Amino acid sequence: MSHDDIQHHVKTYIKVFIALMFLTLLTVGASYIDFDISPQFRSGAIFVGLAIASFKGYMVASEFMHLNNEKKMIYWVLGLTVFFFIFCLSIPVLWEANLMGDTNFEQSPPKIEGGHH
Amino acid sequence: MSSQDHHEESFISKYIFSQDHKWIGIQYGITSLVFLLFGFTLMMVMRWQLAYPDTVIPFVGWMFEDGMLSPDMYNSFGAMHGTIMIFLGVVPMVVGAFGNYLVPLQIGAPDMAFPKLNMASYWTYLAGGVIMVYSFFVPGGAANSGWTSYPPLADIATTGQTIWLFGMVFLITSSLLGSMNIIVTIVQLRAEGLTWGRLPFFVWAQFVTSFLLVLAFPPLEAAGVLQLMDRLAGTSFFLPSGLVVGGEILNVSGGGSPLLWQHLFWFLAHPEVYVLILPAMGVVAEIIANNTRKPLWGYKSIVFASVWLGFMSFIVWAHHMFITGMGQGMSLFFQTTTMIISIPSVIILSALFITLWGGKIRFNTPMLFALAFLPMFGIGGLTGLPLGLAPTDIHLHDTYYVIGHFHYVVAPGTIFAIFAGIYFWFPKITGKKLNEGLGKIHFFFSLIFINGVFMPMFIQGLAGVSRRLADGGVSYAHAAGVLEWNEFMSMSAWLLGVAQIPFIINFFMTIFKKVDGVADPNPWQSTTIEWTDTTSPPLGHGNFEIAPVVHRGPYEYSVEGASEDFIPQTKK
Amino acid sequence: MQIPYNEELRPDTGLYNAKLGIWIFLASEIMLFGGLFSAYIMLRVGAPVWPPLGTAQLNIPMATFNTVVLITSSVTMVMAWASLKMNNFGKFKMYMGLTLLFSAMFLVVKYFEYSAKLSHGFTPAHDTFLAIYYTMTGLHVIHIIAGMIVNGYLWMPGSKMWKSNPERFTNRIEVAGLYWHFVDLVWIFLFPSLYLL
Ligand code: HEM
Ligand SMILES: [Cu+2]
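Residues numbered from 1 in each chain as written. Chains lettered and ligands numbered in written order. Predicted model: local features only at pLDDT ≥ 70, side-chain atom pairs only at ≥ 80, totals over all residues. Heavy atoms only, no water.

A. Region of interest: the packing of helix H12 (residues 400-430) of chain B against helix H13 (residues 436-462) of chain B. All names here are of chain B. Running from amino to carboxyl end, H12 crosses H13 at an angle of 170°, the nearest separation of the two axes being 7 Å. The angle between the axes of H12 and H13 places the two elements in the roughly antiparallel class. Once H12 is placed against H13, the crossing between them reads as left-handed. Looking at the contact of H12 with H13 residue by residue, the class counts come to 17 nonpolar, 9 polar and no charged. (Axes fitted to C-alpha atoms, helices over the stretch in contact; angles between N-to-C directions. Helix = DSSP H or I, 4+ residues; strand = E, 2+ residues; numbered from the N terminus. Parallel < 35°, antiparallel > 145°, perpendicular 65-115°, else oblique. Left-handed = near helix turned anticlockwise from the far one by under 90°. Nonpolar A, V, L, I, M, F, W, Y, C, P; charged D, E, K, R; others polar.)

Now the structure itself:
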């Protein structure tokens, strides 16, 4: 990497720094806003909060950690990791959702074919 | 070569805190053999209790109150048997010892990529081992909630469990250091010309295994931290609200879930079983190719199958949890992935069988162990299928059938592969072959008795006998018909122990045997770099005089028109 | 024994050893925190209300301040590396020193946060929210301390290598930086998950 390249990098770092600061304030601000679709469903806020965090994370990873320009081997390793990571994360949610379905099924009285109502 | 190569090293830096991968491999190998023997001894003691409940145990009875194992002690021994065998015996042996010693040699590298980390990995392993052994002496004895440490039981168990968790943190760290090192070494330090398609299958197996360790162990580390918090800081990660212990509601906040542990544990522990088997397959493949004097049949498909196996092993874990009341959708998903994962195992096994076809087989001791591996692993794998399907697993779960299943894969499977490897690479390390006569005695008796131990477990399990019973099932009516097998199995286990004596004699006899002249560097007429390009064994500091350059694949045996029946990888 | 590719890049992979090593280590770290986040999600979806009734209210201003501090330390870290690339050892010393200063600041704020909660009886045993809060942030703090030890070493005694082997020293700073940015990245997710949502 040449001297000029680095100089260029440094400019980007400063820009990313400013963007990260702004997003930090934004996410704190956003947490006071009510994004919720209904009182039981707080997922609106979660979605907004995680979206901002993901964007910040993306900037750190791509600029500070130079992932926007890495070697193939490292993309392979990380791709694999992210896949299992997501799997590990999503399973509790799916698990619970699946259980909820089953309990509802048990609680509702069995339908009897050909019965007269 | 740099001048450092020739300067004298102190005894300590050469033999104790060595950074040479070969010596670290040997350290790993010896330590894990000791732990394997220790774990096996625990089981031989337990088997007395199962065969002859309520009688005093011979030889070691004096160590226990009344000369017998109390049910708590029995549980301790069982939990520690599993932990020691898996985390202190087999994994350090197949990855720490075989991986460390052979990977750099087989890829033509001067050492591991990070020699200091390599040393640290061995010493953290040893520290973990010492902690585990120490736990036998704390009040309440060693951990007694099974090697799986399921809460809530493990959360409220005696101090031994805390020590177990600390020990595991060390063992996990050690595995992480070791496997990172192996991956970087394979990617970065392959010799010139050694492309991915020319790697010996053993190296591929180590590569995939290391990825499993790197990615699967951390969630268990996380779970271990949570369990430590539960035990030491009084949190309730794994404790549901209103849990009743000994007739009283436990005084904790509750709100946790015991299933959380099971998820995180099996997220590791299923990939872990492939950590146990993949390197074993690698060892067996090398030995079979060498002793049939034929190329491995379907090299590409075996490599692909092992990568596929590694990948799939991350998404089958809940097949250990079919009876936890999971939903239909989840159950369907995990049954399907489990059936899919058996395909690559079958591919590998079939390819190895087909390799035998038409070969000029040399029946030496390593080959005998490798050959026995094939049907034994086959039995283990096939008996896994009914466990992978929920309708059958609901009956078989937690019975001796499961014990039979996984022991067929790890005992006559992996342990036999380990023996095959020791017999095969012993001349690499010492320059001397182990005695063939004693080796064959060791092999045939081991084969007979090991089946005597594990085959009846299927019978008992199908009859519904539960695992982890301190009396072997005497108190259950449904077990009455199959209890007579207990004595048979115990006898077989002790005889299996006796059958290891020829090995131990052979081992020391050969090490201390004096031979004249220079050792044959390639006694098995092998093609791979560790035999053909190193200086004569025993190897000193440094692996190669000149960095090897590779010109061909790993298994060029019996090539037509060649002057010998093998062509070294490095031959032009 | 000379291990190749410690400073120079291996032609076919384009990497030096430690670069691949640290990424594999970070991959395992991702899975470690993955396990914890998975636990967090499971506790959360399993709870009737979240955060549980009667739990502590975490201090958002303090955590926001800490987020700013940690991100800044990440920037100074990357500037330390860039300074070496530009052959400016003096600037490296300054930026690395700042990184350490900000890390220490983070720990001090965290200390006040913890002690404020603990003094009101909000221990990890209080409820599952506090349990996961202490565990995750505690593990993160351990990572900060580990990073400070490494950075401190590279700042003072380790920086001698700049004279003997500048190439390799720059690599070391890059590798330490990758770890440090990862620690920052984890916090970027911990902050909303524990404090805001
Ligand atoms: C090839 C196909 C395989 C299938 C379909 C399979 C399936 C299963 C299933 C479903 C269980 C859970 C049974 C239960 O608890 O009810 C199980 C247990 C187990 N398997 Fe396998 N398995 C296979 C191969 C292996 C291999 C290769 C190993 C090790 C090298 C292994 C080691 C184990 C162990 C250690 C357990 C018991 C864990 C415990 O509960 O303590 N299995 N297997
Ligand atoms: Cu499994």
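Resuming the write-up.
B. Molecular detail of the coordination of the iron atom of ligand 1. Residues and elements named next belong to chain B. Counting protein donors around the iron atom of ligand 1 gives one, His 405 (NE2), at 2.1 Å. Taken as an interatomic distance, the gap from the iron atom of ligand 1 to the copper ion (ligand 2) is 4.8 Å. For His 405, the position within the fold is in helix H12. (Donors = N, O, S within 2.8 Å, 3.2 Å for Na, K, Ca; no water.)

C. Quick peek at the site of ligand 1. All names here are of chain B. Taken together, 24 residues lie near ligand 1, and Leu 387, Asp 393, His 397, His 405 and Arg 467 sit nearest. Asp 393 has a polar side-chain atom sitting 2.5 Å from an oxygen atom of ligand 1. Between His 405 and ligand 1, the recorded distance is 2.8 Å, taken from a side-chain N or O atom to a nitrogen atom. Counting residues per element, the ones that place at least two in the shell around ligand 1 are helix H7 (258-292), helix H9 (328-356), helix H10 (365-388) and H12. A breakdown of the residues in the shell around ligand 1 according to their chemical character gives 13 nonpolar, 9 polar and 2 charged. (Near = heavy atom within 4 Å. Polar contact = N/O pair within 3.5 Å; in protein donor to acceptor, adjacent residues only side chain to side chain.)

D. Geometry of the pattern of salt bridges. Summed over all chains, the structure comprises 10 salt bridges over all chains. Here Lys19(C) makes a salt bridge to Glu70(A), at a shortest N to O gap of 3.1 Å. Of this pair, Lys19(C) sits in helix H1 (residues 17-46) while Glu70(A) sits in the loop between helix H2 (43-64) and helix H3 (72-107), which puts the two residues in different chains. The exposure class assigned to Lys19(C) is buried, which follows from its relative accessible area of 10%. On the basis of relative accessibility, which here comes to 11%, the residue Glu70(A) falls in the buried class. The partner of Arg293(B) in a salt bridge is Asp565(B), with the nearest N and O atoms 2.8 Å apart. One end of the pair, Arg293(B), is in the loop between H7 and helix H8 (299-312); the other, Asp565(B), is in the segment after helix H16 (529-532), and 272 residues separate them in sequence. When its relative accessible area of 3% is taken as the criterion, Arg293(B) is described as buried. Salt bridges here are not isolated pairs; linked through shared partners, they connect Glu70(A), Lys19(C) and Glu174(C). (Salt bridge = Lys/Arg side-chain N within 4 Å of Asp/Glu carboxyl O. Buried < 20%, exposed > 50% of the residue type's maximum accessible area, 1.4 Å probe, protein only.)

E. Just the interface of chain B and chain C, in detail. With 41 residues of chain B in contact, the opposing surface of chain C contributes 33 residues. Counting the surface lost from both chain B and chain C, the interface buries some 3,000 Å², and carbon and sulfur atoms represent 74% of this. Scanning the region where chain B abuts chain C turns up 1 salt bridge. Summed over the shared surface of chain B and chain C, the result is 5 residue pairs in polar contact (both at pLDDT 80 or more). (Contact = heavy atoms within 4.5 Å. Buried area = accessible area lost by both parts, 1.4 Å probe.)

F. Geometry of the interface of chain C and chain A. Counting residues at the interface gives 46 residues for chain C and 43 residues for chain A. Of the roughly 4,100 Å² buried at the junction of chain C and chain A (both faces included), carbon and sulfur atoms supply 84%. Area buried by chain C at its contact with chain A is led by Trp23(C), Met86(C) and Leu197(C), which between them contribute 16% of it. Between the two partners, chain C and chain A, sit 1 salt bridge. At the junction of chain C and chain A, the tally comes to 2 residue pairs in polar contact (both at pLDDT 80 or more). A per-element tally of the side of chain C that touches chain A places H1(C) first, with 16 residues. A per-class count over the side of chain C that touches chain A returns 30 nonpolar, 11 polar and 5 charged.

G. The coordination of the copper ion (ligand 2), seen in detail. All names here are of chain B. Coordination of the copper ion (ligand 2) by the protein comes from His 270 (ND1), His 319 (NE2) and His 320 (NE2), over a distance range of 1.8 to 2.1 Å. Donor residues for the copper ion (ligand 2), ordered by position in the chain, follow H-x48-H-H. Take His 270: its relative accessible area is 5%, and that puts it in the buried class.

H. View of the side chain of Glu530(B). Residue and element names in this part refer to chain B. Inspection of the secondary structure puts Glu 530 in helix H16. Buried charge without a salt bridge: Glu 530, with Lys 428 as the nearest opposite-charge side chain at an N-O distance of 7.3 Å. A polar atom in the side chain of Glu 530 sits 3.1 Å from the side chain of Gln 106. In this structure, Glu 530 is in contact with Leu 102, Leu 105, Gln 106, Trp 425 and Lys 428, ignoring residues within four places of it in sequence. (Lys, Arg positive; Asp, Glu negative; His and termini not counted.)

I. Inspection of empty space enclosed by the protein at higher detail. Throughout the structure, instances matching the rule amount to 5 cavities of 30 Å³ or more. As a volume, the largest cavity reaches approximately 190 Å³. Lining the largest cavity are 21 residues; nearest its centre among them are Tyr28(B), Val95(B), Gly96(B), Ser174(B) and Ser175(B). Counting only elements with at least two residues in the lining of the largest cavity, the list comes to helix H3 (71-106), helix H4 (115-134), helix H5 (160-188) and helix H6 (201-232) of chain B. For the lining of the largest cavity, the leading source of residues is H5(B), giving 8 residues. Estimated volume of the second largest cavity: approximately 60 Å³. Lining the second largest cavity are Phe64(A), His66(A), Met77(C), Val78(C), Trp81(C), Ile173(C), Glu174(C), Gly177(C), Leu178(C) and His181(C). Broken down by element, the lining of the second largest cavity gets its largest block of residues, 5 residues, from helix H6 (residues 166-196) of chain C. (1 Å grid on protein atoms, 1.4 Å probe; cavity = no way out; pocket = protein on both sides within 12 Å on 5 of 7 lines; lining within 4 Å. Points joined across faces, edges and corners; volume = space filled by probe spheres on them.)

J. A look at the packing of aromatic side chains. Residues and elements named next belong to chain B. For the structure on display, the rule yields 77 aromatic pairs over all chains. Seen in terms of ring centroids, Trp 196 and Phe 207 are 5.2 Å apart; in terms of plane orientation they differ by 55°. Their pairing is tilted. Taken together, the residues Trp 196 in the loop between H5 and H6 and Phe 207 in helix H6 connect sequence positions 11 residues apart. Here Phe 207 falls in the buried class, since its relative accessible area comes to 9%. Measuring from centroid to centroid gives 5.6 Å for Phe 238 and Trp 261, while their planes differ by 80°, and the two rings are edge-to-face. Remark: Trp 261 occurs in helix H7 and Phe 238 occurs in the loop between H6 and strand E1 (244-245); sequence separation between them is 23 residues. Here the aromatic residues Phe 369, Phe 416, Phe 419, Tyr 423, Phe 426, Phe 443, Phe 444, Phe 503, Phe 507 and Phe 508 are joined through ring pairs into a cluster of three or more. The positively charged end of Arg 190 is found above the aromatic ring belonging to Trp 196, 4.4 Å away from the centroid. (Phe/Tyr/Trp six-rings, centres within 6.5 Å; stacked < 30°, edge-to-face > 60°. Lys NZ or Arg CZ within 6 Å of the ring centre and 35° of its normal.)

K. How the structure looks around H2(A). Its 22 residues give H2(A) an end-to-end C-alpha distance of 30 Å, which sits within 8% of 32 Å, the value for a rise of 1.5 Å per residue. Here H2(A) has its buried residues at Gly44(A), Ala45(A), Gly49(A), Ile52(A), Ala53(A), Lys56(A), Gly57(A), Met59(A), Val60(A), Ala61(A), Ser62(A) and Phe64(A). On its buried side, H2(A) packs onto helix H1 (3-30) of chain A together with helix H2 (60-85) and H6 of chain C. Of the residues one or two after H2(A), His66(A) is the one with positive phi, at around 60°. (Expected span 1.5 Å × (residues − 1).)

L. Up close: the side chain of His442(B). Residue and element names in this part refer to chain B. In this structure, His 442 sits in helix H13. His 442 sits in the buried class, given a relative accessible area of 0%. In this structure His 442 touches Phe 369, Phe 419, Tyr 423, Ala 499, Gln 500, Pro 502 and Phe 503, once residues within four positions along its chain are discounted.

M. Structural detail: the environment of Met161(C). With respect to the helices and strands, Met161(C) occurs in helix H5 (residues 161-164). Measuring from C-alpha to C-alpha, the distance between Met161(C) and Arg172(C) comes to 9.9 Å, with 11 residues separating the pair along the chain.

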